[in-house]
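Fold and geometry: a report
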Amino acid sequence: MEVRAHDLLQFRDAEDLIAPRPLPEWVGEAVMFAPFAVVRRAPVEHGNIPVGIRGPARNQRFAAFLPQSAVMRQITPVQLARQRGWRQTLRGKQVKALRALDFVDESCRTHQLLWGPAGSVGFELASGLPVVSAESDLDVVIRVPYFLPVGRARQIADDFSRAPVRIDAQIETPRGAISLLEYARGDMPILLRTLAGPVLADNPWEC
Amino acid sequence: METFTFEFPATKRLQGRAHVGVVGSGDLEILLEPSTEPRTRVVIRTGCTGFQEKWRLVLERFLTANDVAADIQVNDFGATPGVVTLRLAQALEVSQGR
């Protein structure tokens, strides 16, 4: 089973989670409402997937592991973008961060890039739980397996800047993730988030 | 939102200024400027409350290894200590004209 950071994993209940310390009370509640965990950018350890649990408050995040055997369904950001679930709901028309999805969809189609929503928007589209608020940003990941010229990144960043909310876009290279905005500035080195932790890289595509 | 300030003694004058990082979840923005006084002052604005002591430790470790008299402004959006340390190193590199 191949998982990547930002994938959403559906599981049965909080007892499946492996954590070094007792689960806070809110974790049990959050899992009861929406049994989904977000894959963290860290190595899989002995078949246990590094995941995070989202709580109702902004600073409520709990890091744990989920055994592969406990995963009932895996939903990737790219699948969520392909399904375009936001076009079928009223919230998709009302909530700014959900309305902004069409901006990203159009720009990424023009540039022929695979993309998908992450963060609260990805979580809402996967779980159906209305966690996106009027203040939410739109987090997206863009999968770019081959070198992307800075000029192209700048065009995409320009497209995104016209959206109704701030778009926090991460470019996923084979080595890890970089910020679209930072890469579009053209200054090197830039921060690359790898499975082993963050590093400064002059070329985020070169291993 | 929480704001706090730290001061550490410093001796070496910083050459240039630097602005690195991004406004985005799990990241931070750092503005680094030379200071004429023999100290480094760090002002941190963060949405994640209750991590003041962790910030002090991360900054102390970095500034012990890198003696620079500077004014540092940090706008934090939930960066991990690893990201904070790398962004500080990046800001220092940029200010030295690399």
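Now for a description of the structure that goes with this document.

Thresholds, definitions, all that
Every chain begins its residue count from 1, and numbering advances along the sequence as written. All chains are assigned letters beginning at A, and all ligands numbers beginning at 1, according to the order in which they are written. With pLDDT at 70 or above as the cut-off, local features in this predicted model cover only qualifying residues; side-chain atom pairs require 80 or more to be listed or tallied, and sums for whole chains, interfaces and linings still use all residues. Remark: hydrogens and water are excluded; side-chain values derive from all non-hydrogen atoms of the structure. Elements are defined by DSSP. Helices are runs of H or I of four residues or more, strands are runs of E of two residues or more, and each kind is numbered from the N terminus. To get the radius of gyration, use the C-alpha atoms; to get the globule rule, take the number of residues to the power 0.38 and multiply by 2.2 Å. Residue exposure (1.4 Å probe, protein chains only): buried if accessible area is under 20% of the type maximum, exposed if over 50%, otherwise partly exposed. Pairs of residues are marked as contacts when any of their non-hydrogen atoms sit within 4.5 Å. By the counting rule applied here, Lys and Arg register as positive and Asp and Glu as negative, while His and the ends of each chain are not counted. Just so you know, the charge point we use is NZ for Lys, CZ for Arg, CG for Asp and CD for Glu. Every angle, taken between N-to-C directions, lies between 0 and 180 degrees, and every axis is a line fitted to C-alpha atoms, over only the stretch in contact when it is a helix. By definition in this entry, angles of less than 35 degrees are roughly parallel, angles greater than 145 are roughly antiparallel, angles of 65 to 115 are roughly perpendicular, and the rest are oblique. Throughout, a crossing is termed right-handed when the near helix is turned clockwise from the far one, and left-handed when it is turned anticlockwise from it by less than a right angle. Classes in brief: Ala, Val, Leu, Ile, Met, Phe, Trp, Tyr, Cys and Pro nonpolar; Asp, Glu, Lys and Arg charged; the others, Gly included, polar. Buried area adds together the accessible area that both of two parts lose upon being put together, with accessible area traced by a 1.4 Å probe. By definition, a salt bridge exists where a carboxyl oxygen of Asp or Glu is found within 4 Å of a side-chain nitrogen of Lys or Arg. By this rule, a helix spans an expected 1.5 Å times one less than how many residues it contains. As used here, the arc belongs to the directions running from the helix axis to the C-beta atoms. Here, nonpolar core means buried Ala, Val, Leu, Ile, Met, Phe, Trp, Tyr and Cys residues that are tied together by side-chain atoms lying within 4.5 Å of each other.

What follows covers the overall build of chain A. For chain A, the count of helices and strands is eight helices and eleven strands. The C-alpha atoms of chain A give a radius of gyration of 17 Å, which matches the 17 Å a tight globule of 207 residues would have. Reported as C-alpha extents along the three principal axes, the dimensions of chain A are approximately 50 × 45 × 30 Å. Buried residues in chain A amount to 50% of all 207 residues. Counting only contacts in chain A whose residues sit at least 6 apart along the sequence, the fraction spanning at least 24 positions is 62%. Across chain A, the mean location of the 25 positive side-chain charges is 4 Å away from that of the 23 negative side-chain charges.

Right, let's get into the packing of helix 5 (residues 101-110) of chain A against helix 7 (residues 150-161) of chain A. Residues and elements named next belong to chain A. At their nearest, the axes of helix 5 and helix 7 sit 9 Å apart, and the two run at 155 degrees to each other. Overall, the two elements helix 5 and helix 7 adopt an arrangement that is roughly antiparallel. Here helix 5 runs over helix 7; the crossing is right-handed. Contacts from F103, V104, S107 and C108 of helix 5 reach helix 7 at I156, D159 and F160. For the contact of helix 5 with helix 7, a count of residues per class yields five nonpolar, one polar and one charged.

On to the interface of chain B and chain A. Taken residue by residue, the interface counts 15 residues in chain B and 16 residues in chain A. Carbon and sulfur atoms supply 48% of the area that chain B and chain A bury against each other, a total of about 1,300 Å² over both sides. A per-residue breakdown of the area chain B buries against chain A is headed by B:V22, B:L86 and B:Q90, which together make up 35% of the total. In this structure, the connection of chain B to chain A is made through two salt bridges.

It is worth spelling out helix 1 (residues 52-65) of chain B at this point. Residues lying three or four places apart along an α-helix face the same way, a consequence of the helix completing one turn every 3.6 residues. All names here are of chain B. In this model, helix 1 (14 residues) spans 20 Å end to end at C-alpha, consistent with the 20 Å of a helix rising 1.5 Å per residue. Among all positions of helix 1, only W55, V58, L59, F62 and L63 are buried. Seen from one end, helix 1 has its buried residues packed into an arc of 120 degrees, which puts them on one side. Of the exposed residues in helix 1, those oriented more than 90 degrees away from the buried face are R61, T64 and A65. Looking at the buried positions of helix 1, the neighbouring elements they touch are strand 1 (2-9), strand 3 (27-34), strand 4 (39-46), strand 5 (70-77) and helix 2 (81-95).

With that out of the way, let us pick up helix 1 (residues 25-33) of chain A. Residues and elements named next belong to chain A. Along helix 1, the residues classified as buried are W26, V27, A30 and V31. Mapping the buried residues of helix 1 onto a view down its axis gives an arc of 135 degrees, with all of them on the same face. Opposite the buried face of helix 1, by more than 90 degrees, sit the exposed residues E25, M32 and F33. Its buried side turned inward, helix 1 meets strand 3 (48-54) and strand 4 (61-67).

Take the nonpolar core next. Soluble, globular proteins show a tendency: their nonpolar side chains are buried together. Residue and element names in this part refer to chain A. Counting 35 residues, the largest nonpolar core has W115, L138, I142 and F160 as its most contacted members. Listed by contribution, the elements that provide at least two residues to this core are helix 4 (96-99), helix 5, strand 7 (138-143), helix 7, strand 8 (167-172), helix 8 (180-185) and strand 10 (190-194). With four residues, the single largest contributor to this core is helix 7. In this structure, L138 is in contact with A97, A100, L101, V104, V121, V165, R166, I167 and D168, ignoring residues within four places of it in sequence.

Okay, the environment of B:L31 next. All names here are of chain B. Inspection of the secondary structure assignment puts L31 in strand 3. L31 sits in the partly exposed class, given a relative accessible area of 28%. Along the chain, L31 and V20 lie eleven residues apart, while their C-alpha atoms are 6.8 Å from each other.

Residues and elements named next belong to chain B. Where helix 1 meets helix 2, the closest approach of the two axes is 10 Å, and the angle between their N-to-C directions is 35 degrees. The way helix 1 lies across helix 2 gives a crossing that is right-handed. Where helix 1 abuts helix 2, its residues W55, V58, L59 and F62 lie against P81, V84, T85, L88, A89 and L92. Its residues assigned to classes, the contact of helix 1 with helix 2 shows nine nonpolar, one polar and no charged.

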